Amino acid sequence: MQVDVAIIGAGAAGMMCAAYAKGRVLIVDHARAPGEKIRISGGGRCNFTNLHSGPHAFLSQNPHFAKSALARYTQWDFIDLVDRHGIAWHEKTLGQLFCDGSAKEIIAMLRRLMQENGVNVNLQTTARDFAKTPEGFDFTLDQGGHTQKVQTKTLVLATGGKSIPKMGATGLAYDIAAQFGLTVTETRPALVPFTFPEGRFAPLAGVAAPACVTAGAQSFDEAVLFTHRGLSGPAVLQASSYWREGDPITLNLCPEGGLLPALQKKRGIAGGRKLTNELAQFLPARLVEHLSGVMALSGNLADQSDAALTSMVQSLQNWTLTPAGTEGYRTAEVTLGGIDTGALSAKTMEVASVPGLFFIGEAVDVTGWLGGYNFQWAWSSGMAAARALA
Ligand SMILES: Cc1cc2nc3c(=O)[nH]c(=O)nc-3n(C[C@H](O)[C@H](O)[C@H](O)COP(=O)(O)OP(=O)(O)OC[C@H]3O[C@@H](n4cnc5c(N)ncnc54)[C@H](O)[C@@H]3O)c2cc1C
């Protein structure tokens with residue numbers, strides 16, 4: 001088989017690229033269906049972009065790398081595409097856009113675009129033995145017991161990261177990068193829950209509270225969720241991208257402020273109330289019960305001096321915990337790190353030292369925050385390559 005463009009990986013980035021690349025386009029995926037992560041994303045409603053998407057929301061060893069692709073294909077471009085396909089959506093919170101109906105509508109849209117572009121889609125197909133030739137690249141396809149040689153002028157790796165191996169994640173892009181002498185930065189599970197030893201928070205499993213979670217120099221003000229094995233929830237997942245083994249994280253359980261004056265006022269009018277009962281007006285009762293042990297909270301409001309109340313509020317605003325680890329790639333939403341951007345053109349995603357070879361999507365060392373940013377990177381980087389391939 002001879003093609004102009006061969007794309008390995010029919011996920012978000014690969015399908016976007018296939019939909020807009022020109023010439024004879026082949027896309028290959030070993031999964032039974034394309035876009036499986038799109039299907040399960042956002043609780044089945046796909047948080048497909050974020051109104052506030054911009055370079056600030058991405059981690060990379062080169063924080064400037066994503067700027068060009070994000071600026072040349074923006075969240076507004078993708079929203080326009082979704083609108084033109086009649087997919088209804090809504091903003092949930094913090095600029096996060098979700099389908100009103102189902103994530104399957106996004107997959108159907110991308111499949112329709114690929115069909116209109118005459119893309120040859122090969123599912124349940126594996127690709128191996130990639131080699132550079134004077135004309136481009138050769139590789140072998142295995143599909144249902146048949147083997148086929150492919151010659152392509154250009155090759156696009158869109159096989160994603162390592163997260164959720166059960167869903168077909170492999171390290172193929174990293175292997176191909178190594179084959180062509182490219183560097184892969186350290187990869188780590190990100191947007192992932194923290195674990196703590198011996199079910200430390202098991203009694204609190206299911207309790208959620210608003211909090212500001214800090215890891216490294218970055219803080220996220222959203223919800224935290226206590227689980228049987230540790231901590232999850234949006235603020236925790238966000239912080240996990242900035243966490244390193246052995247580091248502490250800090251939870252501010254009263255991010256809004258106002259607790260101290262409220263307690264002081266209440267002390268003046270109802271000093272006989274138990275401190276923990278009063279705190280339960282501000283925090284979930286089970287969490288207060290747990291904290292009363294950890295922070296030795298006892299007595300009535302009238303028993304608390306200003307200094308004691310101040311010190312307690314400071315403790316609630318600065319609850320320092322050291323996770324044992326994370327849940328790892330088994331549940332991580334994304335992989336931090338990837339193909340070193342130093343090897344790639346920021347405008348096209350092409351490898352400077354290997355003309356015709358492209359890396360897009362999560363395989364690249366560009367990782368977004370929680371909230372639709374990772375799909376935006378898939379759309380923007382997929383489109384950057386597609387435009388170069390047109
Ligand atoms: C549970 C979950 C929920 C998420 N929710 C959101 C969300 O709401 N919003 C958001 O922005 N991001 C979300 N993400 C992250 C988002 O799904 C990814 O960042 C995005 O899918 C990356 O796109 P990609 O095309 O680079 O890779 P993927 O979408 O992972 O696609 C890679 C494709 O390559 C195929 N592949 C891999 N190896 C091979 C191989 N060797 N041969 C052939 N094919 C191969 C895979 O089968 C897959 O189809 C979520 C992730 C998870 C796990």
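Everything here concerns the structure above.
Note that this is a predicted model, so its numbers are computed, not measured. (Residues numbered from 1 in each chain as written. Predicted model: local features only at pLDDT ≥ 70, side-chain atom pairs only at ≥ 80, totals over all residues. Heavy atoms only, no water.)

1. Section: the side chain of Thr125
Here Thr125 shows up in strand E8 (residues 125-132). Residues contacting Thr125, with those up to four places away along its chain left out, are Val28, Asp29, His30, Leu141, Asp142 and Gln143. (Helix = DSSP H or I, 4+ residues; strand = E, 2+ residues; numbered from the N terminus. Contact = heavy atoms within 4.5 Å.)

2. Looking at the site of the ligand
With respect to spatial proximity, 28 residues lie near the ligand, and among them Ala13, Asp29, Thr170, Glu362 and Phe375 are the closest. For the ligand, a nitrogen atom lies 2.9 Å from a polar atom in the backbone of Asn47. One of the backbone nitrogen or oxygen atoms of Asn374 is found 3.3 Å away from an oxygen atom of the ligand. For the ligand, whose free accessible area comes to 990 Å², the fraction covered by protein is 92%. Contributions of two or more residues to the shell around the ligand are made by helix H1 (12-20), helix H2 (36-40) and helix H12 (373-389). With three residues, the single largest contributor to the shell around the ligand is H12. Residues of the shell around the ligand, tallied by class, amount to 11 nonpolar, 13 polar and four charged. (Near = heavy atom within 4 Å. Polar contact = N/O pair within 3.5 Å; in protein donor to acceptor, adjacent residues only side chain to side chain. Areas by Shrake-Rupley, 256 points an atom, 1.4 Å probe, with all protein chains shown as cover. Nonpolar A, V, L, I, M, F, W, Y, C, P; charged D, E, K, R; others polar.)

3. Structural notes on the sheet that holds strand E16 (residues 249-252)
Sheet architecture is open: seven strands sit in the order E17-E16-E13-E14-E15-E12-E18, paired in antiparallel fashion. The sheet terminates laterally at strand E17 (319-321) and strand E18 (325-326), the two strands that pair on one side only. Relative to strand E14 (residues 218-226), strand E13 (residues 208-215) runs antiparallel, the two sharing eight bridges. Paired with Pro210 across the bridge in E14 is Ala223. (Pairing = 2+ DSSP bridges.)

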